[in-house]
Amino acid sequence: RDPLTPVPVDKQREALSLITTQVFSADSFRFSPGFLRRMSISAFDIDDAIELGRSVPSVDIAIDQQVLGMQRSVLAQLLGETVAQRLVNNEAKVDDPSQALRLSELYTTLHGAVWSELAAKTPKDIPLMRRNLQREYVVRVASVLLRPSGALPADARALLRADATKLRGEINKAKDGKNLSPEAKAHLYEALAQIDEALRAPLIRQGV
């Protein structure tokens, strides 16, 4: 068989769907208040810390940061250079280019999952864990526009610029929605400022 055989497009889409629904969707992480009240460190851990002269850990576990840490690692891989280069190259490795998962499809799917609240006719409120994920998304896209890596394909940079422009329009339309909490509104205004700054940055030619 060929040394390099792209995974069938249906299987790639199935994997992407699994990631977006289980890791990045609005319903991916919903915890009951009762469960969160029980999320704490053991009293034995506190006693051990005191006995060993170490700082006593907080009894309040920041579950939102635990979730973000997992989401951050997945997002970093999907928006990273290796995946982008592989998808760009895979189009030339299949007999029918329509049977390749395109980089544009990956980015569009991620955008839709991470920012689903903005797609509703009446924008929905954005809870803490979703704000954390969206903030991470904006930081990564803005970083590509402000400090592009030479290892990232040019198509990836162009697509992420287009994605940022689209996101800017969605946020502008939703940022004053009546269903948004003060925290969500502040979050959207901050995201908008970051995107504007990134889009205003001059294009940098790699290798010049």
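Residues numbered from 1 in each chain as written. Predicted model: local features only at pLDDT ≥ 70, side-chain atom pairs only at ≥ 80, totals over all residues. Heavy atoms only, no water.

Caption draft 1: The arrangement of the nonpolar core in detail. Among the nonpolar cores identified, the biggest contains 41 residues, and Phe 24, Leu 106, Tyr 107, Trp 115, Tyr 137, Leu 167 and Ile 171 are the most heavily contacted of them. Those elements that provide at least two residues to this core are helix H1 (9–24), helix H4 (63–78), helix H5 (81–90), helix H6 (103–114), helix H8 (128–146), helix H9 (154–174) and helix H10 (182–200). The leading source of residues in this core is H8, at seven residues. Excluding residues within four positions of it along the chain, Ile 171 makes contact with Trp 115, Leu 118, Leu 188, Ala 191, Leu 192 and Ile 195. (Core = buried A, V, L, I, M, F, W, Y, C linked by side-chain atoms within 4.5 Å. Buried < 20%, exposed > 50% of the residue type's maximum accessible area, 1.4 Å probe, protein only. Helix = DSSP H or I, 4+ residues; strand = E, 2+ residues; numbered from the N terminus. Contact = heavy atoms within 4.5 Å.)

Caption draft 2: Representation of the environment of Phe 29 within the structure. Looking at the element boundaries, Phe 29 is found in the loop between H1 and helix H2 (33–37). Given the relative accessible area of 24%, Phe 29 is considered partly exposed. Distance in space between the C-alpha atoms of Phe 29 and Val 67 is 7.9 Å, their sequence separation being 38 residues. Those residues in contact with Phe 29 that lie beyond four places of it in its chain are Gln 22, Val 23, Val 67, Met 70, Gln 71 and Met 129.

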